[in-house]
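Understanding the architecture of this molecule
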Amino acid sequence: MTGDIRVLLVDDHPVVRAGLRAMLTEFDGISVEAEAANGEAALQELARLNAHGSRVDVVLMDLQMGAGMDGVTATSRIRLLDQAPPVLILTTYDTDADILAAVEAGASGYMLKDAPPEQIRQAVLAAAAGQTALAPRVAALLMGRISSPAPALTPREVQLLERLATGLSNRAIAKEMFISEATVKTHLVHIYEKLGVDNRTAAIAVATERRIIRGPGSR
């Protein structure tokens, strides 16, 4: 790779984008090629740049962006493009649900917005080089899942727990996840066993405390 690493910033807050742009342009070898306020705008920017023969080496992506396309959906869409640039998540959320969703969508890295600038710089360089970049707290969380003696929730169980936390009924969860109500009940039995609880309220409370999911109202 020759020249600067060109970054596409994707965040719905203009002040945050301005701060990130100012920080990144202070680093030698990194430049901000374009900005977008949500995932759909990011896809449009990539198409526009591609049409003009420009490139993006790394997409720096927020997760939650108001009413616009979220970061996980945008990441999965970007990864389907020809010569897709790596996507580095930069967010405030560090729950299992968010991390697993981003990784499954094809994110090359996952950093937190309160990380020191040098860590973010190194993450951008790593992503551009095709390497994985994880915030120390995120790496520790994932390692904890691997080394925990207790059975870890599967990604599917985490997805179900997220919906449970929004107050959805078994029927509504089944419809959203394209599974039967009987399968929802089976998942709930396994979730309760793994979390050591016997009801929905306790499951949500324990999952929130362990940072498996975001707490109700934090979306």
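For the structure itself, look to the data block above.
Residues numbered from 1 in each chain as written. Predicted model: local features only at pLDDT ≥ 70, side-chain atom pairs only at ≥ 80, totals over all residues. Heavy atoms only, no water.

1. Notes on unusual backbone geometry
Residues other than glycine predominantly adopt negative phi, and peptide bonds predominantly adopt the trans conformation. For Phe178, which is not glycine, the phi dihedral falls at a positive 60°. Looking at where Phe178 falls in the secondary structure, it is placed in the loop between helix 8 (170-177) and helix 9 (181-195). At Arg211, a residue that is not glycine, the phi angle is positive and equals roughly 65°. Within the element layout of this structure, Arg211 appears in the segment after helix 10 (200-209). (Helix = DSSP H or I, 4+ residues; strand = E, 2+ residues; numbered from the N terminus.)

2. Structural notes on the pairing of strand 4 (residues 87-91)
Burial analysis of strand 4 places 5 of its 5 residues in the buried class, which makes it a mostly covered element. Taking every second residue as pointing to the same face, both faces of strand 4 are buried, with Val87, Ile89 and Thr91 on one and Leu88 and Leu90 on the other. Taken together, strand 3 (residues 58-61), helix 3 (residues 71-78) and strand 4 form a β-α-β motif whose crossover is right-handed. In the sheet, strand 4 pairs with strand 5 (residues 109-112) via 4 bridges, with the strands oriented parallel. (Buried < 20%, exposed > 50% of the residue type's maximum accessible area, 1.4 Å probe, protein only. Right-handed = clockwise from strand over helix to strand, strands pointing away. Pairing = 2+ DSSP bridges.)

3. Details of the layout of surface pockets
Of the pockets and cavities examined, the largest pocket occupies roughly 480 Å³. Lining the largest pocket are 21 residues, and of these Val72, Ala97, Asp98, Ala101 and Glu162 sit closest to its centre. Going through the elements one at a time, helix 4 (96-105) and helix 7 (155-165) are the ones with two or more residues in the lining of the largest pocket. Looking at side-chain class alone, the lining of the largest pocket contains 9 nonpolar, 4 polar and 8 charged residues. Taken as a whole, the second largest pocket spans an internal volume of roughly 320 Å³. Counted by class, the lining of the second largest pocket contains 9 nonpolar, 3 polar and 2 charged residues. (1 Å grid on protein atoms, 1.4 Å probe; cavity = no way out; pocket = protein on both sides within 12 Å on 5 of 7 lines; lining within 4 Å. Points joined across faces, edges and corners; volume = space filled by probe spheres on them. Nonpolar A, V, L, I, M, F, W, Y, C, P; charged D, E, K, R; others polar.)

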